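# Reading the structure
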There are 2 protein chains.
Amino acid sequence: MRTRFQQGLDELKQKLLAMSGMAEQAVDRATQAYQERELKLCQLVLEGEQAINMMEREIDELALDLLAMQQPMAVDLRFVTAAMKINADLERVGDQAVNIAERVINTVSLPEAELPIDLPRMAGAVSGMVRRSLQSLIAADAEMAQAVLQMDDVVDRMNREMFHTLVKAMHDRPEVVQQALDALLIARNLERVADHATNIAEDVIFWVRGADVRHHAAT
Amino acid sequence: MRTRFQQGLDELKQKLLAMSGMAEQAVDRATQAYQERELKLCQLVLEGEQAINMMEREIDELALDLLAMQQPMAVDLRFVTAAMKINADLERVGDQAVNIAERVINTVSLPEAELPIDLPRMAGAVSGMVRRSLQSLIAADAEMAQAVLQMDDVVDRMNREMFHTLVKAMHDRPEVVQQALDALLIARNLERVADHATNIAEDVIFWVRGADVRHHAAT
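Residues numbered from 1 in each chain as written. Chains lettered and ligands numbered in written order. Predicted model: local features only at pLDDT ≥ 70, side-chain atom pairs only at ≥ 80, totals over all residues.

Each partner contributes residues to the interface: chain A has 23 residues there, and chain B has 23 residues. Elements with a minimum of two residues in the side of chain A that touches chain B: helix H2 (39–68), helix H3 (74–108), helix H5 (142–172) and helix H6 (177–209) of chain A. Broken down by element, the side of chain A that touches chain B gets its largest block of residues, 7 residues, from H3 of chain A. For the side of chain A that touches chain B, the class distribution of residues is 12 nonpolar, 7 polar and 4 charged. (Contact = placed C-beta atoms within 7 Å. Helix = DSSP H or I, 4+ residues; strand = E, 2+ residues; numbered from the N terminus. Nonpolar A, V, L, I, M, F, W, Y, C, P; charged D, E, K, R; others polar.)

Quick look at the structure:
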């Protein structure tokens, strides 16, 4: 028979999955908005922020309730505190999507500039990291979480290449400085999303292995 | 007589204060390194990262120990979980200092460029926010925490002004594009430190008032 505590843990996992879906969708929409110069998508991202914030509070309250129950086992304790941290990271992923949407609104107000970069490819990699990090939580799979850490290196590389391309564009074509800067800042927002996915993966590894691998991750 | 739990809480507060001091110092050193083009200070920041990371782990373990003790009261539960989140924010303040130091190393390798901005002023405001947010935690003072949220608006304004100044410099003087971009990215790192201080202040308010003001903060 399942205890009330077990049921609470399951609910916590389900809510985190839902939260992660909302955060990923926001990032995808914001990047699509950049690609298609589509202000309606920006609006959806801005409007969706509140739902993400409400979900964050719900998850926090649920986690606090679980902690208040009598003496959870050490491994459960670590799971619940990891869930609270992961929750905060997902909310900040949503914030990054909002930052991207705001940047897109700015860039759409400027003349369109041809820039030799592939932001959707980076966004796809980054969304994949968020998704995999949550999957690794649900599956309690430290190896899957470890794979997320390796994906972060790929994203860092994409970001560095884009950075050089865009700085060169700013240098050579002063008339596109603002558009190139917008693209560069969006790339950095995506990199921050990847950092949050990395934090989540590290929290999963910490919980699953019971050992703290943060700051010792394979790089 | 003080209980073992109370002693643990006091130790947790002391360690968080120490952690905050380390993180602030790293930010101050990194900004000073920018101002003085001083690579030795960058080196100190890079070397200091490990101590901050070790402290983060210590604080997390202490918090988990406290949660594992028999049935802490609801208010204490909220304090300990807030402490874990604040701990994560302080560690990321340290990461920002490292990012700034790396950016300074890049900019020092380039010819010096005269740029009409005042990064140390922004850094001073940002360090003040981190310091005040921790003071508000120790004093359990929600009003002081609220003041940190208002300081964030000032920092945002400084950042926006600097942004416009630097974009204009990039546009008008292609030969300083890279130096201006370095300054712009450092300003954004400082803004992220301010965001972490804001997160901390919100966690303090959440704990002190027992009500969730996150996302409803006075702006």
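If you look at the biggest cluster of nonpolar residues, it comprises 136 residues, and the most contacted ones within it are Ala30 and Val126 of chain A together with Ala30 and Val126 of chain B. Discounting residues that sit within four places of it in the chain, Ala30 of chain A has contacts with Val45, Ala97, Ile100, Ala101 and Val104 of chain A. (Core = buried A, V, L, I, M, F, W, Y, C linked by C-beta atoms within 7 Å. Buried ≥ 20, exposed ≤ 12 C-beta atoms within 10 Å, placed from the backbone.)

Let us now look at the relation of the copies chain A and chain B. Note on the copies: chain A fits chain B at an RMSD of 0.0 Å, the axial shift is 0.0 Å, and the rotation between them is 180 degrees. The relationship between the two copies is best expressed as a two-fold rotation axis. Most of the interface of chain A is mirrored in chain B, where 100% of its interface residues again form contacts. (Least-squares fit on C-alpha atoms with pLDDT ≥ 70 in both.)

Below, the discussion takes up H2 of chain A. Since the α-helix advances by 3.6 residues per turn, residues separated by three or four positions end up pointing in the same direction. Over its 30 residues, H2 of chain A extends 45 Å from the first C-alpha to the last, a length consistent with the 44 Å expected when each residue adds 1.5 Å. Where H2 of chain A bends most, at Gly48 of chain A, the angle is about 30 degrees. (Expected span 1.5 Å × (residues − 1). Bend = angle between axes of the 7 residues up to and from the residue.)

Residue and element names in this part refer to chain A. Here H6 contains 33 residues, and its C-alpha end-to-end distance of 47 Å stays within 8% of the 48 Å for a straight helix at 1.5 Å per residue. Counting buried positions along H6 yields 29 of 33 residues, so the element is predominantly enclosed. Remark: Gly210 follows H6 within two positions and exhibits a positive phi of approximately 65 degrees.

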